[in-house]
Amino acid sequence: LAVDYYRVSGVLLIVFGHWLLSCVTFEHGKFGLQDPLADMPWTQWITWPLQAVPVFFLAAGYASAVSWTHWRDSGRMSRQTWLRHRVSRALGPTGAYLAVISAAVVIGGLAGAPGSVLEYAGWAVAMQLWFLSVYVLVVYLTPIFIAAHRCWGLWAPAVLCLGVAVVDTLEIGGHIPYVSWLNYLLCWGALYQFGIAWHGGLLTGRRAVLLAVVSAVALGLLVGVGPFPVSMISVTGQTIQNSSPPSLAMLAFACAQTGIAVALAPALNRALRGPRIQQALSVANTNVMALYLWHMVPVVIVAAVLYPTGLMPQPAEGTPAWWLARLLWVAILAAVTAMEMLVLVRLRGFFAAPLPTIAVPGLGTVLAEVTMLLGVAMTAYGISYVSARGFAPGGHFPWHAMAIFAAGAVLVALTPPRASSATPAKSAAAQPGSGRESGRLSG
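Within each chain, residue numbers correspond to sequence positions counted from 1 in written order. Local features are withheld for residues below a pLDDT of 70 in this predicted model, meaning they are given only at 70 or higher, and side-chain atom pairs are given and counted only at 80 or more; totals for whole chains, interfaces and linings count all residues. With hydrogens and water stripped out, all remaining heavy atoms of the structure feed into the side-chain values.

Quick look at the overall build of the protein now. Counting its secondary structure elements, the protein contains 18 helices and four strands. Based on C-alpha atoms, the radius of gyration is set beside the globule rule, defined as 2.2 Å times the residue count to the power 0.38. Compactness check: the protein gives a C-alpha radius of gyration of 22 Å against a globular reference of 22 Å for 443 residues, within 12% of the reference. Viewed in the frame of its principal axes, the protein has a C-alpha envelope of about 65 × 50 × 50 Å. The classification of residues rests on relative accessible area computed with a 1.4 Å probe and restricted to protein chains. Under 20% of the type maximum is buried, over 50% is exposed, and intermediate values are partly exposed. Counting across all 443 residues of the protein, residues that qualify as buried make up 51%. Put simply, the protein shows about 19,900 Å² of open surface, and 70% of that area lies on carbon and sulfur atoms. Working definition: helices are DSSP H or I runs of at least four residues, strands are E runs of at least two. Numbering for both runs from the N terminus. Note that accessible areas follow from Shrake-Rupley with a 1.4 Å probe, and for residues the cover is restricted to the protein chains shown.

Here we come to the pairing of strand E1 (residues 23-27). Judged by how many residues are buried, E1 sits mostly within the fold: four of five residues are covered. Two strands qualify as a pair provided that DSSP identifies no fewer than 2 bridges between them. In the sheet, E1 pairs with strand E2 (residues 30-34) via five bridges, with the strands oriented antiparallel. Bridging from a neighbouring strand, valine 24 pairs with leucine 33 of E2. Linking E1 to E2, which pair antiparallel, is a turn of two residues; within it histidine 28 sits at a positive phi near 55°.

Mapped onto the elements, histidine 149 comes out in helix H8 (residues 142-152). Given a relative accessible area of 13%, histidine 149 falls into the buried group. In this view, histidine 149 contacts Ala156, Gln193, Ile196, Ala197, Gly200 and Leu202; residues no more than four positions away in its chain are not counted. Contacts are assigned to residue pairs with any non-hydrogen atoms lying within 4.5 Å of each other.

So, about unusual backbone geometry. In this structure, the amide linkage connecting serine 244 to the following residue, proline 245, adopts the cis form with an omega of 0°. Checked against the element boundaries, proline 245 lands in the loop between helix H11 (206-224) and helix H12 (248-271). One non-glycine residue, histidine 175, lies in positive phi territory at about 55°. Relative to the assigned elements, histidine 175 resides in the loop between helix H9 (155-173) and helix H10 (183-199). Phi angles above zero are rare outside glycine, and tyrosine 178 is one such case at about 70°. Position of tyrosine 178 relative to the elements: it lies in the loop between H9 and H10.

Turning next to helix H15 (residues 320-346). One fewer than the residue count of a helix, multiplied by 1.5 Å, yields its expected span. Taking 1.5 Å of rise per residue, 27 residues should cover 39 Å, and H15 covers 40 Å from first to last C-alpha, within 8% of that figure. Trp322, Ala325, Arg326, Trp329, Val330, Leu333, Thr337, Glu340, Met341 and Leu344 are the residues of H15 that are buried.

To pair, rings of Phe, Tyr and Trp, with the six-membered ring standing in for Trp, must have centres within 6.5 Å; the planes then decide the type, stacked if under 30 degrees apart, edge-to-face if over 60, and tilted in the middle. In this structure the tally under the stated criterion is 27 aromatic pairs. Aromatic side chains tyrosine 307 and tryptophan 329 sit 5.8 Å apart centroid to centroid with 65° between the ring planes, which places their arrangement in the edge-to-face category. Of the two residues, tyrosine 307 sits in the loop between helix H14 (297-306) and H15 while tryptophan 329 sits in helix H15, which places them 22 residues apart along the sequence. Overall, tyrosine 307 belongs to the buried group, its relative accessible area being 4%. Residue classification places tryptophan 329 among the buried positions, given a relative accessible area of 0%. Three or more aromatic residues joined by ring pairs make a cluster, and in this case those are Phe56, Phe57, Trp130, Phe131, Tyr135, Trp181, Tyr184, Trp188 and Tyr292. Look at NZ for Lys and CZ for Arg. If either is within 6 Å of the ring centre and within 35 degrees of the ring normal, a charge sits over the ring. Seen from the ring of tryptophan 71, arginine 76 lies directly overhead, with NZ or CZ sitting 4.8 Å from the centre. Looking at arginine 326, its charged tip hangs above the ring of tryptophan 322, at a distance of 5.8 Å from the centre.

Once that is clear, we can look at the confidence of the model for the protein. The score called pLDDT rates the predictor's confidence residue by residue, from a low of 0 to a high of 100. Predicted confidence across the protein gives a mean pLDDT of 89, with 94% of residues reaching 70 or more. Mean pLDDT values over the elements of the protein span from 84, in E2, up to 96, in H10. In the model, residues 425-439 has pLDDT below 50 throughout and makes 18 contacts with residues more than four positions away in sequence or in other chains.

Now for helix H13 (residues 275-294). The end-to-end C-alpha separation of H13 is 29 Å, in line with the 28 Å expected for 20 residues at 1.5 Å each. Its axis deflected by about 45° at asparagine 287, H13 carries its strongest bend there. For H13, the set of buried residues is Leu281, Asn285, Asn287, Val288, Ala290, Leu291, Tyr292, Leu293 and Trp294. In the core, the buried residues of H13 are packed alongside helix H1 (2-21), helix H5 (79-110), helix H7 (130-140), H14, H15 and helix H16 (348-351). We define the bend at each residue as the angle formed by axes fitted to the 7 residues ending at it and the 7 residues starting at it.

This part takes up a nonpolar patch on the surface. A patch consists of residues whose relative accessible area exceeds 30% and which take part in no salt bridge; residues with like charges are grouped when within 9 Å of each other, and nonpolar side chains (Val, Leu, Ile, Met, Phe, Trp, Tyr) when within 5 Å. The term salt bridge refers to a side-chain nitrogen of Lys or Arg lying within 4 Å of a carboxyl oxygen of Asp or Glu. A surface patch of nonpolar side chains, amounting to about 470 Å² of accessible area, comprises Val209, Val213, Val217, Leu221 and Val225. Summarising the element assignment, leucine 221 is placed in helix H11. On the basis of relative accessible area, leucine 221 is assigned to the exposed category, the value being 51%.

We now examine the nonpolar core. Nine residue types can take part in a nonpolar core, namely buried Ala, Val, Leu, Ile, Met, Phe, Trp, Tyr and Cys, and a core is a set of them joined through side-chain atoms within 4.5 Å. Ranked by internal contacts, the top residues of the largest apolar core, which has 122 residues, are Tyr97, Leu129, Trp188, Trp198, Trp329 and Phe391. Non-local contacts of tryptophan 198, meaning those with residues more than four positions away in its chain, are made with Val3, Tyr6, Leu58, Tyr62, Leu203, Thr204, Val262 and Ala265.

Attention now moves to the pattern of salt bridges. Under the defined criterion, the tally for this structure stands at two salt bridges. One salt bridge in this structure joins aspartate 4 and arginine 7, with 3.2 Å as the shortest N-O distance. You can see aspartate 4 and its partner arginine 7 sitting in helix H1, three residues apart, about one turn around the helix. For the pair formed by aspartate 4 and arginine 7, the shared burial category is buried. The shortest N-O distance in the salt bridge between glutamate 369 and arginine 79 comes to 2.3 Å.

This part takes up the packing of H7 against H10. Viewed as axis vectors pointing N to C, H7 and H10 meet at an angle of 65°, and their least axial separation amounts to 10 Å. Every pair of crossing elements has a handedness; the one defined by H7 and H10 is right-handed. Within the contact between the two elements, H7 uses Trp130, Val134, Leu137, Val138 and Val139 and H10 uses Tyr184, Leu185, Trp188, Gly189 and Tyr192. Taken together, the residues of the contact of H7 with H10 sort by class into nine nonpolar, one polar and no charged. Only the stretch in contact is used when a helix axis is fitted, and all axes are lines through C-alpha atoms; the angle between N-to-C directions ranges over 0 to 180 degrees. What makes a crossing left-handed is the near helix being turned counterclockwise from the far one by less than a right angle; a clockwise turn instead makes it right-handed. Each residue is assigned to one class: nonpolar for Ala, Val, Leu, Ile, Met, Phe, Trp, Tyr, Cys and Pro, charged for Asp, Glu, Lys and Arg, and polar for all the others, Gly among them.

Written out as structure tokens, the structure is:
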């Protein structure tokens, strides 16, 4: 129950943060952006309660460990089939989102929309996708994470944490460019590994508290004495960033958040046992992926409608009126998103469906492994490219990135004929004594 709660609350905090900090302006017929984190440095502390990506990767690791134990260790599913199933569950909704937004951008370009407008809108609806490129990679590496957990226990995430420190030393101290991009996998992989350790019973009680305390002290030193900034999301103009890519300070923040989350889990489990609460949590978890994917679309729609018409006030940045306008902005986006979610729920068969499997006669196990590896790498590249540059960089649609993603998705879907029929049972609620862990979390 706590894992489900962390997953839902984490996405809600991320969505709220994106909305709050998407400070659109409209002057002289052109859209622009304010950056309160750069203009008002004290607001960088606000990013601490809003940065919930760590707990999401923690929950993802726990959920994958549950699913692996339920399906793979029981012998009911091969490793390759399990991987394809888990990766396809992420790539299916992501592919639907990319297809719809891509069609809108292409049609807008053909209709004569200005390149600057397409570029801004294409960036706004792509900036949240970076998470999915990393998520697909760590899910694909789950068998390695599981094996590392069983061989080395908590030393496995410790080694990944050490890797983050080494990478930051090379980047900041050694001035070696681009090496810090490895931290996307090392940092968030460490949180994913902590989630697996949590499920395995190695990260509970005093260990969780100790992790939180030690990490909090390290975070204070890294931010107060070290070279790292306060903000836990990127700020324009800062030489060192904590989130793009994640830094050692972000790792310390994430580990402190992990220790607190795990320590509070038993109390949360007791508080969430009510049937109505569980039902609400179940509905929220079912739709949390759609919310994460689609929550920036209302930003573009509302901005295009309210700002040019003058219906949205634009007070001076930082004034009380500006903060009230921010809250009004968030409230309007929440209302529009609620209507958007109703549509997505009704069309769930398209927007939430996993990738279909494509049975290929003669496709052997080894070749299927190769196609899946290539497919995961290609889809991760396509997602990360669009996330970094938007759906219309320079006003032009990135055909090559979308073609690479589409080809990669097809490669992931390819399966030997016998493996295509080995899919998990849809409902774990029908399994006597299965409980929630072997239910939705293992799906």
